[in-house]
Amino acid sequence: MSKDAHAAKDQQNWQNWHEQRAATVAAPYGPLSLTGTHWLSDYPEGRIPAVPGSWLEDGDAVVLTASAEDGLTVDDKPLTGPVRLTADHGPIPESRVAHGERRLVVLRREGLWAVRDFDPDSPSRHAFQGIEATAYDARWALPGRFRPYKEHRSVRVENADGRERGLGLGGEIAFELDGEERTLQVAVEPDGSLWAVFADATSGNSSYRFRFLRPSAPAADGTVTVDFNRSLLPPCAFADHFICPFPPPGNTLDTAVPAGERNLRSH
């Protein structure tokens, strides 16, 4: 394959990725549909405003109690009485509790329970105009190397909801940018792929205040492509009710990365 043909293929692959991302975000139960994350510790009596039923913590589970008037279903069956629930880990449409088209998803984070309310009829989903992204540029697909840590690390970072939580880190990726070696600390996902939360000189200006990067699993020798063309807006860019972690120390680049997803389109 010629150099021009290879470049055209990379451009087309990126365009397909960008279009698929917009479709995923705009899906009925995509991030735009999240209308609330309700921490049960804030509602010790079990009543969450605008969410039917009674939701009470009970050790390693949440007890949801509802009457016929609440209109809740669990596993597609009307709920009348109590049911014990554990955290939902599957796709949003498959979560156990529903209220009409809404999905009420049970979440546990650092020992705390919450209920997330996903509504396909959310104002944010109706207002969505697309994702502003920079066109593919091969110069931002950089060769890198993954350096695993000898031991798993966890650092406390602020989250988008103002609370501080632990962020697990399994290593760092090193790459060259503007003639200098740069590094980003990354988490290692169960499938071996990597996840970085980063900011750069465009953050909060021409780009959202921070972004995600998800490189594929490194090769056996540690080599990995650091493709900033696929920088992602975090979920909290689409709905205020996500609890995205801010970049850990060392993951704010002092140079501009004008690549990938930048902001939501406003018109």
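Quick notes on the rules
- Residues numbered from 1 in each chain as written.
- Predicted model: local features only at pLDDT ≥ 70, side-chain atom pairs only at ≥ 80, totals over all residues.
- Heavy atoms only, no water.
- Pairing = 2+ DSSP bridges.
- Helix = DSSP H or I, 4+ residues; strand = E, 2+ residues; numbered from the N terminus.
- Axes fitted to C-alpha atoms, helices over the stretch in contact; angles between N-to-C directions.
- Phe/Tyr/Trp six-rings, centres within 6.5 Å; stacked < 30°, edge-to-face > 60°.
- Buried < 20%, exposed > 50% of the residue type's maximum accessible area, 1.4 Å probe, protein only.
- Lys, Arg positive; Asp, Glu negative; His and termini not counted.
- Salt bridge = Lys/Arg side-chain N within 4 Å of Asp/Glu carboxyl O.
- Contact = heavy atoms within 4.5 Å.
- 1 Å grid on protein atoms, 1.4 Å probe; cavity = no way out; pocket = protein on both sides within 12 Å on 5 of 7 lines; lining within 4 Å.
- Points joined across faces, edges and corners; volume = space filled by probe spheres on them.
- Nonpolar A, V, L, I, M, F, W, Y, C, P; charged D, E, K, R; others polar.

Student: Teacher, can you tell me more about the sheet that holds strand β6 (residues 81–85) here?
Tutor: In any sheet, the strands associate via hydrogen bonds between backbone groups, in a parallel or an antiparallel arrangement. Spatially, β2-β3-β6 is the arrangement adopted by the 3 strands of the open sheet, whose pairing is antiparallel. Of all the strands in the sheet, the pair left with one neighbour each is β2 (54–58) and β6. Direction aside, neighbouring strands of the sheet carry axes that sit 25° apart on average.

Student: In this structure, what is going on with the packing of aromatic side chains? I would like to understand it.
Tutor: Evaluation of the coordinates by the stated rule reveals 8 aromatic pairs. Ring centres of Trp 140 and Phe 228 lie 6.2 Å apart, and the angle between their planes is 90°; on these two criteria the pair is classed as edge-to-face. Taken as a pair, Trp 140 in the loop between β10 (131–133) and β11 (141–158) and Phe 228 in the loop between β16 (223–227) and β17 (261–264) lie far apart in primary sequence, 88 residues in all. With relative accessibility at 14%, the residue Trp 140 sits in the buried group. When the ring of Phe 210 is compared with that of Phe 212, the centres are 6.4 Å apart and the planes differ by 40°; the resulting orientation is tilted. Classification of Phe 210 as buried rests on a relative accessible area of 1%.

Student: What am I meant to see in the side chain of Asp 70 here?
Tutor: Examined against the element boundaries, Asp 70 turns out to sit in the loop between β3 (61–66) and β4 (73–74). The buried charged residue Asp 70 lacks any salt bridge, with Arg 47 as its nearest oppositely charged partner at 4.8 Å. Excluding residues that lie within four positions of it along the chain, Asp 70 makes contacts with Pro 52, Gly 53 and His 99.

Student: Can you walk me through the pairing of strand β8 (residues 102–109) in this structure?
Tutor: In terms of burial, β8 is largely enclosed, as 6 of its 8 residues are buried. In this structure, strand β7 (residues 97–99) lies alongside β8, joined through 3 bridges in antiparallel fashion. What sits directly across from Val 97, in β8, is Leu 104. Here β7 folds back onto β8, and the loop between the two strands holds 2 residues, one of which, Gly 100, carries a positive phi near 65°. One ladder, built from 7 bridges, connects β8 with strand β9 (residues 112–118); its direction is antiparallel. When the bridges of β9 are listed, Val 106 appears paired with Val 115.

Student: Explain the environment of Glu 189 here, please?
Tutor: Within the fold, Glu 189 resides in the loop between β13 (180–188) and β14 (194–198). Using a relative accessible area of 25% as the deciding quantity, one classes Glu 189 as partly exposed. Those residues in contact with Glu 189 that sit more than four places away from it in its chain are Trp 195 and Arg 214.

Student: Explain empty space enclosed by the protein to me, please; I cannot follow it from the model alone.
Tutor: Over the atoms rolls a probe the size of a water molecule, and its path tells where empty space is left. Per the stated rule, a full pass over the model turns up 1 cavity of 30 Å³ or more. In this model, the largest cavity occupies a volume close to 40 Å³. Taken together, Leu 167, Gly 168, Leu 169, Gln 185, Val 186, Ala 187, Trp 195, Ala 196, Val 197 and Asn 251 make up the lining of the largest cavity. Looking at the lining of the largest cavity, the elements that each hand over two or more residues are β12 (164–177), β13 and β14. Grouping the constituent residues of the lining of the largest cavity by class yields 7 nonpolar, 3 polar and no charged.

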